[in-house]
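The lines below spell out each chain.
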Amino acid sequence: MLFLISSAPETKEFKTAFNLAKDINADICLLQNAVYASRNSNDSSLYVLLDELKLRGINENEISGKPIDYGRLIDLMTETDKVVGFF
Amino acid sequence: MPKKLTLFLNTSPYSFENTYTAMRIAEAALAKGLETHLVASADGVYNFLKGQKGRGLPHAADGFKSLIDKGLKVDL
Amino acid sequence: MDNLLVILRKPPYGVINAAEAVRHAGGASGFDYKATLYLIDSGVYTARKNQDTGNTGFTGLGESLELLSGEMEIYADRNSLKEYNLNEDNLVEGVKIDDGEILKQAIKDAQSVMIF
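Quick summary incoming for the structure in this document. Computed from a prediction, not measured in an experiment: that's the story for all the values here.

1. Some remarks on the overall build of chain C
At step 1: When you go through chain C residue by residue, the secondary structure sums to 4 helices and 5 strands.
At step 2: Its helices and strands in sequence order give chain C the pattern β-α-β-α-β-α-β-α-β, from N to C terminus.
At step 3: The C-alpha atoms of chain C give a radius of gyration of 13 Å, which matches the 13 Å a tight globule of 116 residues would have.
At step 4: In terms of its C-alpha atoms, chain C occupies a principal-axis envelope of roughly 40 × 30 × 25 Å.
At step 5: By residue count, 53% of the 116 residues in chain C fall in the buried class.
At step 6: Look at the contacts in chain C between residues 6 or more apart in sequence, and 75% of them connect residues 24 or more apart.
At step 7: Per element, the accessible surface of chain C, about 5,900 Å² overall, is 45% carbon and sulfur.
At step 8: In chain C, 11 side chains carry a positive charge and 18 a negative one; their mean positions are 5 Å apart.

2. Let's talk about the interface of chain A and chain C
At step 1: With 13 residues of chain A at the interface, the matching set in chain C holds 16 residues.
At step 2: Summing both partners gives a buried area of about 1,300 Å² for chain A against chain C, and 61% of it is carried by carbon and sulfur.
At step 3: Among the residues chain A hides against chain C, the three largest losses belong to Lys12(A), Glu13(A) and Lys82(A). Together they make up 38% of the total.
At step 4: Run the count over chain A and chain C and you get 3 salt bridges.
At step 5: In this structure, Glu13(A) and Lys10(C) form a salt bridge, with 2.3 Å as the shortest nitrogen-oxygen distance.
At step 6: In this assembly, chain A and chain C are joined by 7 residue pairs in polar contact (both at pLDDT 80 or more).
At step 7: For the side of chain A that touches chain C, the elements supplying multiple residues, two or more each, are α1 (12–23) and β5 (83–86) of chain A.
At step 8: For the side of chain A that touches chain C, the element with the most residues is α1(A), which contributes 5 residues.
At step 9: Across the side of chain A that touches chain C, the residue classes break down as 7 nonpolar, 2 polar and 4 charged.

3. Looking at the interface of chain B and chain C
At step 1: Taken together, the contact between chain B and chain C spans 4 residues of the former and 5 residues of the latter.
At step 2: Summed over both partners, the interface of chain B with chain C buries about 310 Å², with 60% contributed by carbon and sulfur atoms.
At step 3: Counting across the chain B and chain C interface gives 0 salt bridges.
At step 4: Of the residues that constitute the side of chain B that touches chain C, the class distribution is 2 nonpolar, 2 polar and no charged.

4. With respect to the packing of helix α3 (residues 70–79) of chain A against helix α1 (residues 18–31) of chain B
At step 1: Between α3(A) and α1(B), the least distance of the axes is 8 Å, while the angle of their chain directions is 75 degrees. For the element pair α3(A) / α1(B), the angle class is roughly perpendicular. Judged by residue contacts, Tyr70(A), Gly71(A), Leu73(A), Ile74(A) and Met77(A) of α3(A) engage Tyr20(B), Thr21(B), Arg24(B), Ile25(B), Ala28(B) and Ala29(B) from α1(B).
At step 2: The residue makeup of the contact of α3(A) with α1(B), split by class, is 8 nonpolar, 2 polar and 1 charged.

What counts, and where the lines are drawn
- Residues numbered from 1 in each chain as written.
- Chains lettered and ligands numbered in written order.
- Predicted model: local features only at pLDDT ≥ 70, side-chain atom pairs only at ≥ 80, totals over all residues.
- Heavy atoms only, no water.
- Helix = DSSP H or I, 4+ residues; strand = E, 2+ residues; numbered from the N terminus.
- Rg over C-alpha atoms; globule rule 2.2 N^0.38 Å.
- Buried < 20%, exposed > 50% of the residue type's maximum accessible area, 1.4 Å probe, protein only.
- Contact = heavy atoms within 4.5 Å.
- Areas by Shrake-Rupley, 256 points an atom, 1.4 Å probe, with all protein chains shown as cover.
- Lys, Arg positive; Asp, Glu negative; His and termini not counted.
- Charge placed at Lys NZ, Arg CZ, Asp CG, Glu CD.
- Buried area = accessible area lost by both parts, 1.4 Å probe.
- Salt bridge = Lys/Arg side-chain N within 4 Å of Asp/Glu carboxyl O.
- Polar contact = N/O pair within 3.5 Å; in protein donor to acceptor, adjacent residues only side chain to side chain.
- Nonpolar A, V, L, I, M, F, W, Y, C, P; charged D, E, K, R; others polar.
- Axes fitted to C-alpha atoms, helices over the stretch in contact; angles between N-to-C directions.
- Parallel < 35°, antiparallel > 145°, perpendicular 65-115°, else oblique.

In structure tokens:
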């Protein structure tokens, strides 16, 4: 299962989605303002959209997750049994 | 059977980043040969209004028009 | 049977999310889907009883939930209720309370999950 999370890290939406994803062992991909969360996390399993990091001035080496492009995101979405989008 | 992706867009074009996200995901999915659909609901339908003059952020109508030309199927 | 889970995270008025969540869950149920509507975070306010819409033009969403509870499962998250100082007595009829386990299972079971 893959969770797409887009809300900023301090929001309730982010926390609810993130905790639920962790609870059920789903993969997580961060997009939009959620990518900020990858700066303060040691979680190397997070996927993070690279273009969204760049847009926000965040360097790849500032984060611990896996930077990916949209093509790779499509692969993840089609390989998994279910996509849950917390847009 | 080719894989099918359906996106659901329910926000207006210039107050959120969802339009841009939907366009980028649709673009990548079409490039991979996926049958790609988008369903617009609520304020999402404003993404498809004619005569938009937005500047300074991704242009919703132009962006979706070019994706529709590449095979994106849109339902409002 | 097709199986749809709708998660609502926003309160009933102010933003359109709640009305859309109710509309989509209700629509799916009308088309013979097994629909589940799950209220979490401030979405639990949608189940608050005695919402008085007067002549505002808004649809009373508490009442809508009560009507829909006959044809679908509607849950409110216990932790969220606690956070917003609500208890069972404050809610419309037909809304069940979940400790989190039902949500996890519903996400696993659903063919599609819509989030509002």
